[in-house]
Each structure stands twice: as C-alpha cells, then as structure tokens.
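# Descriptive structure summary
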Amino acid sequence: MDKLISSTPRSGAIPKAQGPLGQAATMFFKNRGAVIGLALLVLIITASLVGPFLLHADPFDVAGAPMTPPLEDGHWLGTDYVGRDIFTGIVYGGRATLAVALAATAFNLVIGLSVGALAGYYQGATNTLLMKITEFFQVLPPLLFAMVIVSLFSPSAGMIAVAIGLVTWPPLARLTRSEFMRIRELEYVAAARLANAGDARIISRVILPNALPPIIVNATLNVGSAVLYEAGLSFLGLGDPNIMSWGLLIGSSRDYIFDAWWAATLPGLIIFITSLSICLVGDGLTTALNPKLRKL
C-alpha cells in the first residue's frame, strides 16, 4: 500500500514530457538564450505584421522636419534627412525584409535539399556531377554574385529573394548530402528496399524525415543570413526603391551619419537584434534536436 501511494504522482506535479518532440521542446525551453531569442523574434515579427495596420501611414511620406532627433516633436525614433519617420519606416520595413528573407530561405531549401538528396542517395556519377556544380557556386563570392544577378534583372523583392537563395544553397546541399550518405546505409533503409519501396518513396518518406533536424537548424540560420544579404543589397542601392526595407533606411541615410546618426544606426540595430535572435533560436534548436545532447 505504501509503495502504491509513493508511486502515485502528487497533485499539481507536472509529468515529464514524453516522446522525442516533447523532449526536444523541453530541452529548447530550458535554454535561456533560445527563449530570449524566440521572444525577441516573435516581438519583431508581430510588430512587422500588425504594426502597419495600426499606424495607417506611408513610410515614404514626410512626417516632420528633416533630421529631427528621437523623442522630439512626437517622433519616437526621429526622422531622416527628408523628414520621414524612422519608427514608421522600421515597422513597415520589417515586413518587406522578413518576407524577402523567408522567400530566399524557401528557395534555398528547394535547391539545397534537391541537390543534396540526389547526390547523397545515388552517389556515383550523379554525386560527382552535382558536387561539381555545388563547388562552382560555392567558390563564387556570395554578395558579389547576388549583386550581379540583381543588376542583370530588375531590382524587385522577388528577384532579390531569388538572388539570395542562389548564393546560399551550397552549404545546405553539402549538409543534406552527408546526412543522406549516413542514413542510406542504416538497416531500416535496407528494409524499405527489401519491401520494394521506390527511390522516391525512400528519399521522401524514409531518409528525409530522419535527416531533418540538422537541416531545420541550418534553414533557421539561413533566415538570419538572408536578412543581412537583403540589407546589404539595399544598402548598396540594389533593393527595390518602391518598397521600404531596413536596408533601404540605412542606405538612404548613410551620407548623413554624422548629422543624423539615428537614421542609419537604429535600423542597423534592429537588423542586429533580428539576426542575433535567429542565431539564439538556431543554437537552441541545435541542442534540442540532437538526441545525444538531450537530458532524458
């Protein structure tokens, strides 16, 4: 009877998370840095999505006197050299910058997963050919290559996303290839072959789900890299001039950095915080999705 009572969970006790997903979530939320990064990222995304509906303003409109310092004349973050409100520009710019970063990451995933999966699964001549193509793209200077692509075509948000995706997929392809080469030799893959499963089914249903943890981490970090690439292209004047973005805010105010430091510094600080929060989330996912690092 005493054993039965002692084995019964006390009222209010929280049962331990069961299953790999529950364990991963528990491990992630035990990481203080990852939780802080996730909170910051959710705040930035929410402000970028909801903010424009609350402000009801045009980020390109002149809202006050040029170069008004922060917290003066009703401008929380001041105005730029034209008189555009910096706070409004940051809120509206976040939507464009994050949309381009997510689209670029999606394009990156399509190319990187396809090349890496085929190279790692089939090996032989297919592996050699695809890795030669990967090496060709990998030795090209990423930012310079992206600048060439955007310069050859129209500097639209879609083209910027395509350019960023084209210059950032090789590391993902190599990671996917290595995971596929490792997993394809395991017993459950051999069992799937014995069950007459086709190559497409083995790749998509058997190997890919087990290769996802490091790929998810890599994709998360690629979003942060894409934010920096978009800001760099816009800073150099290769962004869409009709769409407000964080890079455009910095680029348009770079000549006035000594007269109105806030116009370029504050958007740059937002980019830094966004990239840092994504890196913190990625670090948390690295620990949470690695079964060797989980504390079961």
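Each remark here, short or long, concerns the structure printed above.
Residues numbered from 1 in each chain as written. Predicted model: local features only at pLDDT ≥ 70, side-chain atom pairs only at ≥ 80, totals over all residues. Heavy atoms only, no water.

Quick look at the packing of helix 3 (residues 32-55) against helix 4 (residues 86-122) now. Helix-helix packing is characterised by the crossing angle of the two axes and by the distance between the axes. Two numbers describe how helix 3 lies on helix 4: the axes approach to 8 Å, and their chain directions differ by 125°. With respect to helix 4, the axis of helix 3 lies oblique. When you trace helix 3 past helix 4, the crossing you get is left-handed. Together, Ile 44, Ile 45, Ala 47, Ser 48, Gly 51, Pro 52 and Leu 55 of helix 3 and Phe 87, Thr 88, Val 91, Tyr 92, Gly 94, Arg 95 and Leu 98 of helix 4 make up the contact between the two elements. In the contact of helix 3 with helix 4, the residues fall into nine nonpolar, four polar and one charged. (Axes fitted to C-alpha atoms, helices over the stretch in contact; angles between N-to-C directions. Helix = DSSP H or I, 4+ residues; strand = E, 2+ residues; numbered from the N terminus. Parallel < 35°, antiparallel > 145°, perpendicular 65-115°, else oblique. Left-handed = near helix turned anticlockwise from the far one by under 90°. Contact = heavy atoms within 4.5 Å. Nonpolar A, V, L, I, M, F, W, Y, C, P; charged D, E, K, R; others polar.)

Time to look at the nonpolar core. Core analysis: the largest hydrophobic core is formed by 45 residues, its most contacted members being Ile 164 and Leu 233. Of all elements in the fold, only helix 2 (19-30), helix 3, helix 4, helix 6 (142-152), helix 7 (157-168), helix 10 (199-235), helix 11 (246-253) and helix 12 (261-288) reach the threshold of two or more residues within this core. Among the elements that make up this core, the one with the highest residue count is helix 12 (nine residues). Within the second largest apolar cluster, 13 residues are counted, among which are Ala 117, Phe 180, Ile 183 and Ala 192. (Core = buried A, V, L, I, M, F, W, Y, C linked by side-chain atoms within 4.5 Å. Buried < 20%, exposed > 50% of the residue type's maximum accessible area, 1.4 Å probe, protein only.)

All right, on to the environment of Val 110 then. For Val 110, the location among the structural elements is in helix 4. According to the relative accessible area criterion, Val 110 is exposed, its value standing at 54%. With 78 residues separating them in the primary sequence, Val 110 and Arg 32 have C-alpha atoms 32 Å apart.

The next point concerns the layout of surface pockets. Each pocket or cavity is described by its volume, and for the second largest pocket that value is around 270 Å³. Residue lining of the second largest pocket: Leu 40, Leu 43, Ile 44, Ala 47, Ser 48, Leu 77, Phe 87, Ile 90, Val 91, Trp 246, Ile 270 and Ile 273, and that is the complete set. Counting only elements with at least two residues in the lining of the second largest pocket, the list comes to helix 3, helix 4 and helix 12. The element contributing the most residues to the lining of the second largest pocket is helix 3, with five residues. Taken together, the residues of the lining of the second largest pocket break down into eleven nonpolar, one polar and no charged. (1 Å grid on protein atoms, 1.4 Å probe; cavity = no way out; pocket = protein on both sides within 12 Å on 5 of 7 lines; lining within 4 Å. Points joined across faces, edges and corners; volume = space filled by probe spheres on them.)

This part takes up the side chain of Ser 277. By the element assignment, Ser 277 lies in helix 12. Excluding residues within four positions of it along the chain, Ser 277 makes contact with Gly 37, Leu 40 and Leu 41.

Going through the model one piece at a time under the given rule, you end up with eight aromatic pairs. The interplanar angle of 55° and the centroid separation of 5.0 Å between the aromatic rings of Trp 76 and Phe 87 together place this pair among those described as tilted. Highlighted residues: Trp 76 in the loop between helix 3 and helix 4 and Phe 87 in helix 4, separated in sequence by eleven residues. Under the relative-accessibility criterion, Trp 76 is labelled exposed at 57%. On the accessibility criterion, Phe 87 (26% relative accessible area) is partly exposed. For the ring pair Phe 137 and Phe 145, a centre distance of 6.0 Å and an interplane angle of 50° mean the geometry is tilted. Through a chain of ring-to-ring contacts, three or more aromatic side chains come together here, namely Phe 136, Phe 137, Phe 145 and Trp 169. When the ring centre of Tyr 121 is taken as origin, the NZ or CZ atom of Arg 184, which lies over that ring, is 5.7 Å away. Over the ring of Phe 235 we find Arg 254; its NZ or CZ atom is 5.1 Å from the centre of that ring. (Phe/Tyr/Trp six-rings, centres within 6.5 Å; stacked < 30°, edge-to-face > 60°. Lys NZ or Arg CZ within 6 Å of the ring centre and 35° of its normal.)

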